Amino acid sequence: MINTLRQKLVFTSLCLLVWLAFIGCTQRETSIGADAAGPPSEAQFDTVAVACTQDTVWHPKVSNGLGLSLQWGDAGNFHAVCLLRFLPASVLPDSFRVDSNRLRLRGTATLPEGTFAPGLATIWLITDAWSEDTVRVDNMPGYEALPLMENLPMNAEATDSFDVHLPDTLVERWAAGDTMNWGIWIEPQDTAEFLREFYSGESGIGLAPALFLYGAQYDTNDEGQWEESVLDTFVGPEDDAYLAWDRQPPLDGRMMLTQGLSQRLLLYFPVESVLPDYGVSVVHAEFSIWADNLTDANFGSVSLFKNGTLKTDAWRRDLDSTQTDQISIASYPFDANNEKVVFDVTAVVSDWVQNPETNTGLFVAASGEAQALGRRVFYNRLAQDITVVPELRIWYLAAY
Amino acid sequence: MVPRRLLILLLLVSPWHLVHAGGSMYSANGLGEPLVVGGARIVGLGGGGFALADSHGANFSNPALVALIPRTEVRLGGRLAFWSTTSAGETDADAETGWQAFQLCFPLTPIWKLGLGFVPLRRMDVRTFEWKAYEYQAYEERRRFTGGETVAQILSGFRFSPQLSLGVAVGYAFRRQERWTTIDFSPTDWQDAEFHFDDTWRGWMVNIGALVQPHPRLSFGAVFRPRQQGNWVTRYSYANQDSVAEEEESGSGPGMLGAGVAWEFLPRWMALVDGSVGQWEKGDLGPRDDRTPVQPVWFSVGVERLARYGPRVSTWQKWGYRAGLFYRQHYWPEQNGEKVADIGGAVGVSIPAPNRAGAFHLAAEVGQRGSESFGAREIFTRFSLMIEANELWFQRPEPRIPK
């Protein structure tokens with residue numbers, strides 16, 4: 001019971017305490033009045049353009065054997081040959097007779113477009129082991145001194161197939177399971193002035209190169225007697241790849257990126273020397289390279305590019321150390337005018353700012369690096385027009 | 001009996017410390033929102049009282065008034081404020097609590113009285129947020145401001161004659177303004193950044209006061225606070241850095257000159273007029289704030305019916321009643337050519353404790369601050385409570401000796 005004045009005072013005080021605790025927790029829940037609160041925000045946005053201080057072209061030692069196309073021909077200072085290896089024994093029965101054969105490569109494109117004059121091809125018998133996973137120009141297999149076949153017509157129509165009847169003795173040897181079967185090398189003769197693109201073995205049945213076999217096969221019937229039936233089958237390639245050589249001379253103030261040959265661009269931007277050394281948070285970062293659309297060195301259709309960074313900056317001292325030392329990020333196309341490629345590198349640059357030692361540089365490669373041959377020329381840091389040199393632009397947040 | 005009384009005091013004081021929320025949006029400018037110094041009685045009179053020549057809840061920002069206390073006295077105070085903020089036609093509300101005074105005064109000799117106290121001069125505790133966009137991304141900017149200014153001071157009041165009292169207060173002032181700015185990008189988290197600044201100022205503060213009473217019913221009071229010198233220490237961390245940097249630099253603090261007159265125009269009816277001006281200079285807002293402060297001008301008028309005591313006096317006559325009007329132009333920098341000012345009114349009441357052991361002073365203020373063109377218009381309603389206990393609370397009862 002509350003009777004005395006003191007008890008009333010205590011009770012009233014407790015009620016007041018509860019009331020204050022309740023209403024004192026009222027919080028403003030909108031941004032109303034934010035303009036009146038305090039001095040201007042310490043957080044200020046700023047933009048800085050970082051110039052490239054080092055760039056180079058990088059030829060990583062990778063094979064295009066797992067790509068979706070095979071290349072053959074001579075054009076745009078490229079020279080390309082196809083390598084094919086079939087193991088027909090894997091699809092043949094125990095007893096058979098091969099009477100004839102046909103090698104077919106299905107065409108998908110021809111460069112330059114509009115080429116109609118056919119070319120000629122030569123086939124060589126490969127004498128060394130190779131694999132589509134690893135074959136490159138620098139470790140290419142050897143072939144016999146004399147060609148297996150010469151003056152084979154190669155049509156320039158994009159979708160025409162390349163059909164050829166291989167020597168029966170060769171195919172019979174392959175069918176018998178010849179352990180020295182390293183396949184064939186199909187090379188353009190001097191008359192070819194175009195590049196043919198064929199579907200590769202990774203393109204799926206119906207499009208992939210095929211070796212068709214015709215003849216007879218033998219099996220026992222229900223009565224235990226040998227019975228002959230028609231052999232009409234095909235086998236896809238066990239290994240297929242193409243090798244290409246880029247004979248394009250270097251151009252001053254330019255750097256060339258190729259598709260099919262895996263020729264990449266490496267660039268270094270000294271971010272840590274441009275941004276404040278404390279208290280920076282990267283909001284957005286863009287890396288831009290400008291293409292030289294006026295040079296004849298551009299070839300093919302290379303319009304999608306991927307950027308990445310490297311695990312170490314050893315490439316700045318020893319280019320060969322960059323082999324497989326990369327982290328791919330994302331792909332970006334040309335801008336609407338086909339003049340510039342802009343890469344969003346916000347996450348990478350943010351990491352560089354937080355940990356400057358992780359700034360190992362950027363690389364740019366064609367997204368379809370193992371696809372059809374192509375070349376794009378970009379301005380490098382030595383270009384005379386400074387408005388088109390590679391640039392890293394950073395939007396950042398800093399305190400004043 | 002004493003522990004129970006102290007328990008009651010603690011219960012009354014505790015909520016002011018337990019509950020914190022947000023206050024005036026303007027308080028985040030500079031050093032915080034200037035508080036009315038002197039307690040709830042002064043709040044009820046509109047904020048003046050430099051010449052209030054009695055000991056009952058007097059304004060000790062004029063140290064000469066300490067000379068008038070007849071006995072030991074302790075003060076505890078707190079306040080609760082509601083803010084209704086309007087901008088662009090929208091309104092939102094917030095509330096805050098805070099302490100107002102902790103002061104102990106006692107006589108050393110009949111003419112020399114001493115006071116010890118912790119007095120909050122300014123306070124800020126505001127959180128805001130705003131959605132913004134920067135070229136590529138939208139982000140929420142959250143800002144939080146806390147801090148204020150408290151002075152620990154020793155007051156000496158000398159009553160040289162019934163007509164003249166002089167006083168001096170020497171205090172050590174602590175200012176702190178802590179600001180967090182968080183940039184929260186959407187939808188990514190790894191880009192978010194937080195900036196933290198913690199500015200602390202320490203320096204000496206001196207108040208020199210005088211009270212002149214040419215007539216028992218008329219008094220004039222004045223107080224002067226010279227500009228202060230001290231040191232700012234800034235600790236800050238930027239963006240997502242783990243390290244904290246620290247800088248120290250000398251700084252200055254604002255001065256103040258205030259004066260008032262109190263006139264007992266009828267028996268037990270007082271009228272007061274008070275005014276003060278500040279002396280602020282560029283750099284007083286903080287070590288990195290280069291804005292130019294406004295010279296603050298406060299003006300108030302008040303009227304009070306004093307309490308009356310005696311055996312044949314009713315309970316209501318024992319209460320004191322007061323009301324006041326105020327205009328307060330603050331030191332916050334101009335924006336859009338405007339200065340921030342408060343205009344409003346206040347009422348208050350003093351309720352004596354049993355056995356004249358002290359008093360409860362209550363006050364309420366209602367006013368308007370700022371304008372929408374400045375950034376926000378605020379309607380504030382503030383309640384103040386001060387407990388004033390005299391030395392009866394600190395006397396040990398004589399043990400009763402059984403016969």
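Residues numbered from 1 in each chain as written. Chains lettered and ligands numbered in written order. Predicted model: local features only at pLDDT ≥ 70, side-chain atom pairs only at ≥ 80, totals over all residues.

## Considerations on the overall build of chain B
The secondary structure content of chain B amounts to 2 helices and 17 strands. Looking at chain B residue by residue over its 403 residues, the buried ones come to 44%. When contacts within chain B are restricted to residue pairs at least 6 apart in sequence, long-range pairs at least 24 apart make up 65% of them. (Helix = DSSP H or I, 4+ residues; strand = E, 2+ residues; numbered from the N terminus. Buried ≥ 20, exposed ≤ 12 C-beta atoms within 10 Å, placed from the backbone. Contact = placed C-beta atoms within 7 Å.)

## Regarding the overall build of chain A
The secondary structure content of chain A amounts to 3 helices and 23 strands. Across chain A, every contact between residues at least 6 apart in sequence was considered, and the portion connecting residues at least 24 apart equals 84%.

## Concerning unusual backbone geometry
Residue and element names in this part refer to chain A. In this structure, Pro112 follows Leu111 across a cis peptide bond, with omega equal to -10°. At Asn151, a residue that is not glycine, the phi angle is positive and equals roughly 55°. Of note, Asn151 is situated in strand 8 (residues 149-154). Its identity is not glycine, yet Ser262 carries a phi of approximately 55°, on the positive side.

## Considering the sheet that holds strand 13 (residues 226-235) of chain A
Residue and element names in this part refer to chain A. On the basis of which strands lie adjacent, the open sheet formed by 4 strands has the order 9-5-12-13 and antiparallel pairing. The sheet terminates laterally at strand 9 (162-164) and strand 13, the two strands that pair on one side only. Recorded for the sheet is a direction-independent mean angle of 20° between the axes of neighbouring strands. Judged from the 9 bridges that link them, strand 5 (residues 95-105) and strand 12 (residues 210-220) form a sheet pairing that is antiparallel. Residue pairing in the sheet places Ser95 in a bridge with Tyr218 of strand 12. (Pairing = 2+ DSSP bridges. Axes fitted to C-alpha atoms, helices over the stretch in contact; angles between N-to-C directions.)

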